[in-house]
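Each chain, written out:
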Amino acid sequence: MTASPGHRDQLKVFLRAKREALRPADVGMPAAGRRRTPGLRREEVAVIAGVGVSWYTWLEQGRDIKVSGAVLDAIARALKLDEAERTHLYVLAGLNPPDPEGRPGAPVSEQLRAVLDAWMPNPAHVLDRHYNLVAMNDAARWVFGFDDDVSNCMVAFFTHPTYRGRFTEWDEFAQDMVADFRASSVRYHDDPLFGRIAEELCTASPRFAELWARPEVRSRSQGIKAITHPEAGDLTFEYSLLRLPDRADLNVVLHTPHPGTDTKEKVRSLVVADPG
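Just so you know, these numbers come straight off a predicted model, no measurement behind them.

Q: Describe the layout of surface pockets, and please don't skip the residues or the numbers.
A: The computed volume of the largest pocket comes to approximately 290 Å³. Around the largest pocket sit 17 residues that line it, and Asp180, Arg187, Ser219, Arg243 and Asn251 are the ones nearest its centre. Within the residue set of the lining of the largest pocket, elements represented by two or more residues are β1 (124-128), α10 (170-187), β4 (233-244) and β5 (247-257). Here the lining of the largest pocket takes four residues from α10, the largest share from any one element.

Take a look at the structure:
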């Protein structure tokens, strides 16, 4: 273990507190009579995690031992740690925390939907890590031409005539999107859906196939998005992709009118003209 002495001291306190906070019934074990100390015993945590009792004891005592991410994950599961606590365990043990797992497929909270609605009249939407469109406000629907046929923005960007046609600088944006998609596919290398989406698009779009064959990777955290709207005309937005700490599987995409353009006025006019 490469943790500092200070972190090892904190690790002792943290592991003991989490162990003592659990009852045998919490982990599906019989109570087995009265206990002199609260919570689980060290040997019970070791059994649940599938590690040696002596090794776990040394870990909880803060000894200078080597640990792996796989073992820390097993201990995190045994102690029923949440995402923040799992990250904390990694830091105290001297390892780099992995990316949060998130909750793929879980519904978007009403609080997050309220944030999207409060962003009106500017567009805002939520994508999962596969570019599936999971939530949006009305402005995003009106500005980008989202309709019932747009379920995945990566697929629609290369195949959907309306959505594809809204991007003024389509090819430049396409390069950024594919490079970002490739980086995510490597980050989540055990997720087969990236490969299935890429295979589908390589068949449907020669341009995607050409870009996918390149080695470029990049992160699309912010940038400029130029749109040509059939009624409002040219619109230019600054966009930011924000990841939620407790929903690492989602990206919130917020748009604001680019300064020095008339986008703000045009978007307000569009909202008034098409109130839904």
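Continuing now.
Q: Tell me about the state of the cysteines, and name the residues and values.
A: The tally for this structure, following the rule as stated, stands at zero disulfides. Summary of cysteine pairing: Cys153 is not part of a disulfide, and the nearest cysteine sulfur, belonging to Cys202, is at 19 Å. On the basis of relative accessible area, Cys153 is assigned to the buried category, the value being 1%.

Q: Tell me what's going on with the side chain of Arg247, and back it up with residues and numbers.
A: Following the sequence through the fold, Arg247 ends up in strand β5. Within the structure, the side chain of Arg247 is placed 2.7 Å from the side chain of Asp249, a separation counted as a polar contact. With near-sequence residues (within four places) excluded, Arg247 lies in contact with Arg103, Ala106 and Pro107.

Q: Which residues make up the pairing of strand β2 (residues 133-136), and what values go with them?
A: In the sheet, β1 pairs with β2 via three bridges, with the strands oriented antiparallel. Across the sheet, residue His125 finds its bridge partner in β2, namely Met136. What sits between β1 and β2 in their antiparallel hairpin is a turn of four residues, with Tyr131 showing a positive phi close to 75 degrees.

Q: I'd like a description of the nonpolar core, backed by residues and values.
A: Membership of the largest hydrophobic core comes to 40 residues, with the highest contact counts inside it found for Phe146, Met154, Phe157, Phe158 and Tyr163. At the level of secondary structure, the elements contributing two or more residues to this core comprise α7 (138-144), α8 (153-159), α10, α11 (193-204), α12 (206-212), β4 and α13 (263-273). Sequence-distant contacts of Met154, defined by excluding residues within four places in its chain, comprise Tyr131, Met177, Val178, Phe181, Leu201 and Phe208. Of all hydrophobic cores here, the second largest spans 26 residues; its members include Leu40, Tyr56, Leu72 and Ile75.

Q: Residues and numbers for the packing of α10 against α11, please.
A: For the pair α10 and α11, the least separation of the axes is 9 Å and the interaxial angle reads 150 degrees. Mapping the contact onto sequence places Phe181, Ser184 and Ser185 in α10 and Phe194, Ile197 and Ala198 in α11. Of the residues contributing to the contact of α10 with α11, the split by class is four nonpolar, two polar and no charged.

Q: Explain the pairing of β1 residue by residue, including any values.
A: Burial of β1 is extensive: five of the five residues sit out of reach of the surface. On β1, burial covers both faces: Ala124, Val126 and Asp128 on one face and His125 and Leu127 on the other are all buried. In terms of strand pairing, β1 meets β5 through five bridges, oriented antiparallel. Bridging across to β5, Ala124 finds its partner in Leu254.

Basis of the calculations
- For every chain, the first residue of its written sequence is number 1, and the numbers climb from 1 along that sequence.
- Confidence filtering applies because this is a predicted model: local features only for residues at pLDDT of at least 70, side-chain atom pairs given and counted only at 80 or more, and all residues used for totals across whole chains, interfaces and linings.
- Only hydrogens and water are set aside; all other atoms, that is, all heavy atoms of the structure, feed into the side-chain values.
- The method works on a 1 Å grid over the protein atoms by themselves. A cavity is a set of points holding a 1.4 Å probe that cannot get out, a pocket is an open set with protein on both sides within 12 Å along at least five of seven lines, and residues with an atom within 4 Å of a point line them.
- Grid points are joined across faces, edges and corners, and a volume is the space filled by probe spheres set on the points.
- The numbering of helices and of strands both runs from the N terminus, where a helix is a DSSP run of H or I of at least 4 residues and a strand a run of E of at least 2.
- Here, two cysteine sulfur atoms that lie within 2.5 Å of each other are counted as a disulfide.
- Accessible area is worked out with a 1.4 Å probe on protein chains only. A residue is then buried under 20% of its type maximum, exposed over 50%, and partly exposed in between.
- Whenever two N or O atoms come within 3.5 Å, that pair is a polar contact, provided that in protein one can donate a hydrogen and the other can accept it, and provided that, for residues adjacent in sequence, both atoms are side-chain atoms.
- Contacts between residues were defined by any pair of non-hydrogen atoms, one from each residue, lying within 4.5 Å.
- Strands pair, by our definition, only if DSSP identifies at least two bridges between them.
- To define a nonpolar core, start from buried Ala, Val, Leu, Ile, Met, Phe, Trp, Tyr and Cys residues and group those joined through side-chain atoms within 4.5 Å.
- Axis geometry follows a simple rule: fit a line to the C-alpha atoms, using only the stretch in contact for helices, then measure angles between N-to-C directions, giving values from 0 to 180 degrees.
- Each residue is assigned to one class: nonpolar for Ala, Val, Leu, Ile, Met, Phe, Trp, Tyr, Cys and Pro, charged for Asp, Glu, Lys and Arg, and polar for all the others, Gly among them.

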